[in-house]
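# Inside the fold
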Amino acid sequence: MSRAWLPSPDLLRQIVQLLLRVGLAAAFGAWIGFLWPTIAATLLLSLIIHLRYLTRLRSWLNTPKQVDLPLADGIWGEVYDGLLNLQKRNRKRKRKLAAILAEFQASTEALPDGAVVLGPNGEIVWFNTAAQALLGLRVQQDVGLRIANLVRKPVFTEYFSRDDYSGEVECDSPINADTMLSFRIIPYGNGQRLMIVRDVSDLRRLETARRDFVANASHELRTPLTVLRGYLDVMEPETRKGGSLHDWTSPMSEMRAQAARMEALINDLLKLARLEANIINTRQDLLDVPRMLARTHEQAKTMSKGQHRIEFDIEPELRLYGRDSETQSVFTNLVSNAVQYTPQGGIINVRWWGDDSGAHFSVADTGIGIAEKDLPRLTERFYRVDTGRSRATGGTGLGLSIVKHALEHLDGKLSIESELGVGTTFTCSFPIHRVHAGSQRNELRAPIG
Amino acid sequence: MSTLSYRSHISSQYNSELEDVRQRVLAMGGLVEQQIIEATRALVESDTELAEQVSRNDLRVNQLEVQIDEECSGILARRQPTAGDLRLVYAVVKTITDLERIGDEAEKIARMAVDLASQERTGAPLVEVGHLSRHVSQMVHDALDAFARMDVDAALAVAREDLAVDREYEALMRQCITFMMEDPRTIRRVLDVIWSVRALERIGDHARNISEYVIYFVKGKDVRHLGLEAMEREARS
């Protein structure tokens, strides 16, 4: 205990040094005859030196980056060295922590969902870029604001003020009414909360499309049935009265047409269902496309009844790997569409050719054309640009859907170019690995596997 | 500039009281925003059920106004706020009055929707009304965003937008008059539409008022009844 009262050896050394210096000065002072003034001057000088080092230390502490610590002797040198070491160690640790933090934020940043960290009062602590885009948050400005002040939809406010955050809540985005967002809040330690925001617009759109499909399909199927029943309702009492079937020839042919329509519709639906079931058939046949197209040519001529000029321009040796029925339905659907939607006297040009990128099939007509706004929805099931017209020509409304799905199985791509009143060109492109090597163009590679 | 001075109170209880009251105003604003959108949807799609729901929700808007009002007088009595805090409480009291009025206008539109649903729908510019409504509800949204962020620039943008709404309102009025002159049988339903258009225009004015309170709170300057240019000069100085 008594050791605490003793000065440390370090301090003792400093005192001895000081005394030595003063002693030397005193000896010198005694020799020149000014003992006390010399001692005082020496003490004052060493005090000034200490003060100088001290002020330098202070200015360094205030702005450690701008001011360099000077080299110093004695105890000040040791103090400065120690401080510099400490600073170096701190910098290293800070860099390491910053790297860890940056890594964490980068990983959260990469999330496609918006993430917002909320403090105890619901104030925004941190958010990622996705949240910024979904909720319209601003980087510097919005940190510290309460989230409920910015997302004000009553559904969200109600969910946010709940104690129990089970489940999620959906409402439209505060910046875009067309975007549906799903919010989920997860509480964790210290009253903090993590809010996950997901864009569910596509999901909702898909649900609407499915609902529309069921409604459309039942409507399309019911129309022929209504016609059939209408006739039967009239026929039954007539035949019971003993009337002959002789007078009913024209209604009967109408009934047959309606029945055929229903059959076509159901066939198309089944075909679509098969295509969508995505049964992966590893077996791929080598298809003799030119012969298939010759068949399509005959069909087209029969359909057109000589009302159109139909030109087929086919590369004779170009063959494709794929499935017969799918490929044929692509050709038939596109060509019969062209015949149906081209007025009398129009020209239909069908081409089949190969190049470095693969094989291409195109159908160009001089028909009524398709408006640009209809193009994206054209391959939707039952989508009709002009309802009355397409029913009159006997289409099922499924043709292009079938083409789209069949092409997906063949790794093909469909592109449509159209101008209203001028005509439409449908082009299907098949990748090179689908094309048969023995085709006339030598540069085409053999298919793999 | 003492934008968020009220955050630095020694009593954290006082801080959170002020923040809470602000949050409630904005929650009320969210409800009112939804009321505008749903009332117009009811009008355009002649959805009577939705219109009745809007009328019911208006009671909630009124309740919120009374509650927030009481909270504010509580704060005034107990805390005796000064400077920035006083301006905040003052701006809140003014804002909820305007929000409540917007709610009333929305309810008026919903009433017109019910009336219009029972009539023939031709000869009324309903699509344009939908457009005006989107414009106006966006204004209310932006005004509330400005209130949440205490953003003077955004508040000024809302005030500028009010001019565009006024122009759109005049164009719609002229259209309505043409409809009535062409066929006097449409007068009754076009009058209903005119009432709704008028209500929407009023909502735009209330949104502008709210943005003025934002400027008052942040800058401590009264910019009511000033022209747009004078208002911008005041707010930026």
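Right above here is the structure, for reference.
Residues numbered from 1 in each chain as written. Chains lettered and ligands numbered in written order. Predicted model: local features only at pLDDT ≥ 70, side-chain atom pairs only at ≥ 80, totals over all residues.

## Structural notes on the environment of Ala157 of chain B
Mapped onto the secondary structure, Ala157 of chain B falls in helix H5 (residues 152–182). Along the primary structure Ala157 of chain B and Ser211 of chain B are separated by 54 residues, whereas in three dimensions their C-alpha atoms are 8.9 Å apart. (Helix = DSSP H or I, 4+ residues; strand = E, 2+ residues; numbered from the N terminus.)

## As for the packing of helix H7 (residues 201–240) of chain A against helix H8 (residues 249–277) of chain A
All names here are of chain A. In contact at an axis separation of 9 Å, H7 and H8 are set at 160° when each is read in the N-to-C sense. By the angle between their axes, H7 is roughly antiparallel relative to H8. The interaxial crossing formed by H7 with H8 has left-handed handedness. Contacts between H7 and H8 involve Ala217, Glu220, Leu221, Pro224, Val227, Leu228 and Tyr231 from the former and Pro251, Met255, Gln258, Ala259, Arg261, Met262, Leu265 and Leu269 from the latter. Here the contact of H7 with H8 is composed, by residue class, of 12 nonpolar, one polar and two charged. (Axes fitted to C-alpha atoms, helices over the stretch in contact; angles between N-to-C directions. Parallel < 35°, antiparallel > 145°, perpendicular 65-115°, else oblique. Left-handed = near helix turned anticlockwise from the far one by under 90°. Contact = placed C-beta atoms within 7 Å. Nonpolar A, V, L, I, M, F, W, Y, C, P; charged D, E, K, R; others polar.)

## Remarks on the interface of chain A and chain B
Many descriptions give the size of an interface as the accessible area lost when the pieces come together. The interface of chain A with chain B comprises 11 residues on the first partner and 14 residues on the second. Contributing elements (two or more residues each) for the side of chain A that touches chain B: helix H5 (147–150) and helix H6 (154–160) of chain A. Broken down by element, the residue count for the side of chain A that touches chain B peaks at three residues, all from H5 of chain A. Here the residues of the side of chain A that touches chain B sort into four nonpolar, four polar and three charged.

## Re the nonpolar core
Buried together is how nonpolar side chains tend to be arranged in soluble globular proteins. Grouped together as the largest cluster of nonpolar side chains are 90 residues, with contacts concentrated most on Met28, Ala39, Ala110, Ala113, Val140, Ala143 and Val214 of chain B. Filtering out sequence-adjacent residues up to four positions away, Ala39 of chain B remains in contact with Ala51, Val54, Ala106, Ile109, Ala110 and Ala113 of chain B. (Core = buried A, V, L, I, M, F, W, Y, C linked by C-beta atoms within 7 Å. Buried ≥ 20, exposed ≤ 12 C-beta atoms within 10 Å, placed from the backbone.)

## Brief notes about the sheet that holds strand E12 (residues 423–431) of chain A
Residues and elements named next belong to chain A. Pairing in this open sheet of five strands is mixed, and the strands run E7-E9-E10-E12-E11 from one edge to the other. Of all strands in the sheet, those bounded by a partner on one side alone are strand E7 (309–314) and strand E11 (413–419). Neighbouring strand axes in the sheet, compared pairwise and without regard to direction, differ in orientation by 10° on average. As defined by bridge partners, strand E10 (residues 358–365) adjoins E12 across eight bridges and the pair is classed as antiparallel. Among the inter-strand pairings, Ala359 is bridged to a residue of E12, identified as Phe430. Its contacts with the sheet put helix H9 (residues 289–304) on E7 and strand E9 (347–355), and the angle it makes with E7 is roughly 180°. Along the sheet face, helix H10 (residues 324–341) touches E9, E10 and E12 and points at about 20° away from the line of E10. (Pairing = 2+ DSSP bridges.)

## Some points on helix H3 (residues 74–109) of chain A
Between its terminal C-alpha atoms H3 of chain A stretches 52 Å, which fits the 52 Å expected from 36 residues at 1.5 Å a residue. Burial analysis of H3 of chain A places just zero of its 36 residues in the buried class, which makes it a mostly uncovered element. (Expected span 1.5 Å × (residues − 1).)

## A word on the packing of helix H1 (residues 9–32) of chain A against helix H2 (residues 35–62) of chain A
Residues and elements named next belong to chain A. Contact geometry for H1 and H2: axes closest at 8 Å, N-to-C directions at 145°. In terms of crossing hand, the pair formed by H1 and H2 is right-handed. The residues of H2 that touch H1, namely those facing Arg21, Val22, Ala25, Ala26, Phe28, Gly29 and Ala30, are Leu35, Thr38, Ile39, Thr42, Leu43 and Ser46. In terms of residue class, the contact of H1 with H2 is built from eight nonpolar, four polar and one charged.

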